[in-house]
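# Chain and residue survey
Here are the chains, one letter per residue:
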Amino acid sequence: MLRTSRIQKVTKKAIVITMSRPELTGHASLFYNAKEARKYDSSSRMVGIQREITERAIELLKLPPNRPSFILDVGCGSGLSGQVLEEHGHVWVGCDVSRDMLNMANERIERKREVAMGADDSSDDDDSDNDMNDDDDESSSNDYNNFNEGSRKKKRLKKEEPSQGDLLHHDMGTGLPFRPASFDACISISALQWLCYSNTKEQIPKKRLTRFFSSLYQVLRRGARAVLQFYPETSEHAILISECAAKVGFAGGIVVDYPNSTKAKKHYLVLSFERSYKAPQGLTGVEGALLSEARGGSGVRVADEDPRKNSAGNKARGPPKKKKGGGKTKEWILHKKETQRKKGKDTRKDTKYTGRKRPMRF
């Protein structure tokens, strides 16, 4: 019985490790089903993170102030990022590969339009009632008329505007199906890393990334910028993404916010048509700091990061060495297996028996 319980614990632990990245479970449309889409959209933590990242993406876009822009939202999901764009006064079009996520976004858009239409109807009814009251009682005082006029103005100010977003079901890995020079800018929140994985033999990550960036280069007007936030699993993924973007003609680079943090660290691929454009500096701060807090301090450029330094700023040691007698230490074995995993090779899972010395033979 004790042996069985241990096996169950190990199995559960292995499942948690496998499910840590949704990209490893299969296609995005299968992972984000109706249940996951509802869970994603109702999570206050997820809503807060999406809002924080979108605000940072809008900041990196450096859009002209006091003027609405037409923005493409790639991988819009349930429309959380589109809602932030609307709050900034922009018009947006979102595309996503998951129909269930788009259904959640459509519900939000329709709900907002119904509220706006209801506000219009109530304001029309108030105007008609006030007109009837004016006909019945012509001897009303000027103070009462001024009060009614002031209340009508307040209701108009409180009236919610209808949603300025539109949706499209599409896989960004097949290219963007829009006319050339259609958009003033582009954002993408937590979606670009999906193109680094292949679910079938036909899906080659490098070709899908090149196809996406090539079409993005066409649908953006000249002078526009794109900010694509993503979560790379390895440094090779980040290099592959930046190389494919540069290959089609984009300039820019990867901005890393909070590079020394494990939870608050974010990667932004900032792209521009200007050949002399350089990516801005990333944010630094304590782990878990929100973007609305103080943003002072010196930034950290991706190019300035020394891969030989650890999070403490000291130079990290090299790989563990073997024993003098030719034996292999446990640290050396774990490091070797981790290196094999990064290369994509099949490697056995780590257990409590990994690196343990075998007993003497009879």
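Heads up: the structure comes first, above all this text.
Residues numbered from 1 in each chain as written. Predicted model: local features only at pLDDT ≥ 70, side-chain atom pairs only at ≥ 80, totals over all residues. Heavy atoms only, no water.

## Quick word on the overall build of the protein
The test is simple: Under the DSSP-based scheme used, a helix requires at least four consecutive residues in state H or I and a strand at least two consecutive residues in state E, with every element numbered from the N terminus. For every residue, the accessible area obtained with a 1.4 Å probe (protein chains only) is divided by the maximum for its type, and the residue is called buried under 20%, exposed over 50%, and partly exposed between those limits. When checking whether two residues touch, look at their non-hydrogen atoms; a contact exists if any pair is within 4.5 Å.
For the protein, the count of helices and strands is 10 helices and 7 strands. Evaluated residue by residue, the protein yields a buried proportion of 37% over its 362 residues. The contacts in the protein between residues at least 6 apart in sequence include a share of 69% that link residues at least 24 apart.

## Here's the deal with the nonpolar core
The line we're drawing: Each nonpolar core is a collection of buried residues, namely Ala, Val, Leu, Ile, Met, Phe, Trp, Tyr and Cys, held together in the definition by side-chain atoms within 4.5 Å.
Leu192, Phe212, Phe213, Leu216 and Leu269 are the most contacted members of the largest nonpolar core, which totals 34 residues. Elements with a minimum of two residues in this core: β1 (70–74), β2 (91–96), β4 (183–189), α8 (205–219), β5 (220–230), α9 (235–247), β6 (251–257) and β7 (266–272). Non-local contacts of Phe212, meaning those with residues more than four positions away in its chain, are made with Val74, Met172, Leu176, Leu192, Leu195 and Leu228. With 22 residues, the next largest nonpolar core counts Leu61, Leu63, Ile187 and Tyr268 among its residues.

## Looking at the packing of aromatic side chains
Applied cut-off: Working definition: a ring pair exists when centres of Phe, Tyr or Trp rings (six-membered ring for Trp) sit within 6.5 Å. Plane angles under 30 degrees give stacked, over 60 give edge-to-face, the rest tilted.
What the rule picks out here adds up to 9 aromatic pairs. Each residue in the set Phe31, Tyr32, Tyr40 and Trp194 is aromatic and connected to the rest through ring pairs, giving one cluster.

## Some details on the sheet that holds β5
The pairing of strands in a sheet happens through backbone hydrogen bonds and is either parallel or antiparallel. Worth spelling out the cut-off: For two strands to be treated as a pair, DSSP must find no fewer than two bridges joining them. Every axis corresponds to a line fitted to the C-alpha atoms, with the helix fit spanning only the stretch in contact, and the corresponding angles, defined between N-to-C directions, vary from 0 to 180 degrees.
Sheet architecture is open: 7 strands sit in the order β3-β2-β1-β4-β5-β7-β6, paired in mixed fashion. Here the strands that pair on one side only, and so sit at the sheet edges, are β3 (165–169) and β6. Across this sheet, the average inter-strand angle for adjacent strands is 15°, counted without regard to direction. Across 4 bridges, the pairing between β1 and β4 is parallel. Bridge pairing links Leu72 to Cys186 in β4. Sitting on the sheet, α9 touches β5, β6 and β7, and the angle it makes with β7 is about 10°.

## Focus on the packing of helix α4 (residues 44–61) against helix α5 (residues 80–87)
The line we're drawing: Reported orientations rely on four angle classes, namely roughly parallel under 35 degrees, roughly antiparallel over 145, roughly perpendicular from 65 to 115, and oblique for the rest. If you view the pair so one helix is near and one far, a crossing is left-handed when the near helix is turned anticlockwise from the far one by less than a right angle, and right-handed when it is turned clockwise. Residue type decides the class: Asp, Glu, Lys and Arg count as charged, Ala, Val, Leu, Ile, Met, Phe, Trp, Tyr, Cys and Pro as nonpolar, and the leftover types, Gly among them, as polar.
Orientation of α4 relative to α5, taken along the N-to-C sense of each, is 50°, at an axis distance of 9 Å. When the interaxial angle is binned, α4 and α5 end up oblique. The way α4 lies across α5 gives a crossing that is right-handed. Here Val47, Gln50, Arg51, Thr54, Glu55 and Ile58 of α4 lie close against α5, whose contacting residues are Leu80, Ser81, Val84, Leu85 and Glu87. A breakdown of the residues in the contact of α4 with α5 according to their chemical character gives 5 nonpolar, 3 polar and 3 charged.

## Points about the pattern of salt bridges
The condition that has to hold: The salt bridge definition used is simple: a Lys or Arg side-chain nitrogen within 4 Å of an Asp or Glu carboxyl oxygen.
Under the defined criterion, the tally for this structure stands at 11 salt bridges. Here Arg21 and Glu23 are joined by a salt bridge, their closest N and O atoms 3.4 Å apart. Across the pair, exposure class does not vary: Arg21 and Glu23 are buried alike. When the shortest N-O distance is used, the salt bridge between Arg38 and Glu107 registers 3.5 Å. Within this pair, whereas Arg38 is found in helix α3 (residues 34–42), its partner Glu107 is found in helix α6 (residues 99–136), the two being separated by 69 residues in sequence. On the basis of relative accessibility, which here comes to 45%, the residue Arg38 falls in the partly exposed class. Where salt bridges share partners, they join Arg56, Glu59 and Asp257 into one cluster.

## Digging into the side chain of His90
Just so we agree on the cut-off: Nitrogen and oxygen atoms within 3.5 Å of one another constitute a polar contact, given that in protein one can donate a hydrogen and the other can accept it, and given that sequence-neighbouring residues count only through two side-chain atoms.
By the secondary structure assignment, His90 is in the loop between α5 and β2. What makes His90 buried here is its relative accessible area of 6%. Among the polar contacts listed, one links the side chain of His90 to the backbone nitrogen of Ser69, at a separation of 3.1 Å. Beyond its immediate stretch of four places on either side in the chain, His90 contacts Leu63, Arg67, Pro68, Ser69, Ile71, Leu85 and Gln164.

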